[in-house]
Each structure stands twice: as C-alpha cells, then as structure tokens.
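Secondary and tertiary structure notes
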Amino acid sequence: VQLQASGGGSVQAGGSLRLSCAASGLTFSGYNMGWFRQAPGKDREFVAGITPEGHYTDYKDFVKGRFTISRDNTKNTVFLHMNNLKPEDTAVYYCAGTTLYRAQSSLQYAYWGQGTQVTVSS
C-alpha cells in the first residue's frame, strides 16, 4: 500500500492550497480516508475525514468552513482544499486510510502517506 501526498507549499495568510493524496495497492473505494497534521512540538491531530463513497465528511472545529475534503474513487485520490489559511495551519499534513467508518483517531488508521509541508506566513 502506498499513499503519496502532494500539493503543500508556502503561502501567505488568507491564501489557498489543495493537497492531493494518490493511493495504490488497496481497494480505495473501501477505505475511509483522513487528513491529519502535525506541527513542530505538537501531537498529530485529525483535520478531516471522508467515508468510502464520499457520502459523509467530518472536520475538526478549527478548519470548519475553511477546509473541504473530497475524493475521486475513479482516480484513487483524496483531496484537501484549504482556503483562508492561517499561520496556525502551518504543519506537515498527512493522508491516511482506514477500514473503520468515520474514524478520527490516528491510532485507527492503518496506512499513512509521507506527509507534505504547509507553511503559512502572516
């Protein structure tokens, strides 16, 4: 199983980025997918999740209204659209996959991508 995250970069506050995560080696449409992030000196935290068919999404409060998770099962890819970015969004962002429905704990995710850096300057 491989999850390849991309799309990170450096932006100014208020800017936007779109992260992508391409999956291979698993039946992608059978997996709940999530995005997590980890800032220096902090624990990895759940950001957003999407159910296998994309019918339901979950977000942590600090990204509601700014971030949108989506997926394209024909391309085995999950996305994280990030708008109105803030300096506190600076972190390494990881995509992850699990068979557990609507999971939000990192301990519940079996597969992880390598992470992509997002840096937001004020």
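Look up a bit, the structure's there.
Residues numbered from 1 in each chain as written. Predicted model: local features only at pLDDT ≥ 70, side-chain atom pairs only at ≥ 80, totals over all residues. Heavy atoms only, no water.

What to know about the sheet that holds strand β3 (residues 17-24)
As a reminder, the rule being used: Strands are labelled as partners when DSSP assigns at least two bridges between them. Strands are runs of DSSP state E lasting at least two residues, helices are runs of H or I lasting at least four, and both sets are numbered from the N terminus onward. Angles shown run from 0 to 180 degrees and are taken between the N-to-C directions of axes, each axis being a line fitted to C-alpha atoms and, for helices, limited to the stretch in contact.
What the four strands build is an open sheet, ordered β1-β3-β8-β7; its pairing is antiparallel. Pairing within the sheet leaves two strands with one partner each, and these edge strands are β1 (2-6) and β7 (67-72). On average, each strand axis in the sheet is tilted by 15° relative to the strand beside it, whichever way the strands run. Here six bridges tie β3 to strand β8 (residues 77-82), and the two strands are oriented antiparallel to one another. Looking at the pairing, R18 lines up with H81 of β8.

Points about the pattern of salt bridges
What counts here: We define a salt bridge as a contact between a side-chain nitrogen of Lys or Arg and a carboxyl oxygen of Asp or Glu at a distance within 4 Å. Residue burial is assigned from relative accessible area. The probe radius is 1.4 Å, only protein chains are included, and a residue is buried under 20% of its type maximum, exposed over 50%, and partly exposed in between.
Scanning all chains against the criterion turns up five salt bridges. Put simply, E45 and R37 hold a salt bridge, and the shortest N to O gap is 2.8 Å. Between D61 and K64 there is a salt bridge, with its nearest N and O atoms 3.2 Å apart. Since its relative accessible area comes to 49%, K64 is described here as partly exposed. Each of R37, E45, R66 and D89 takes part in one network of salt bridges that share partners.

So, the state of the cysteines
So the rule is basically this: When two cysteine sulfur atoms are found within 2.5 Å, that pair is recorded as a disulfide.
Evaluated as defined, the whole model comprises one disulfide. Note on cysteine connectivity: C21 is disulfide-linked to C95, with sulfurs 2.0 Å apart. Taking the sign of the S-S torsion, about 60° here, the bridge from C21 to C95 comes out right-handed. In this pair, C21 is assigned in strand β3 and C95 in strand β9 (residues 91-98), connecting sequence segments 74 residues apart. Using a relative accessible area of 0% as the deciding quantity, one classes C95 as buried.

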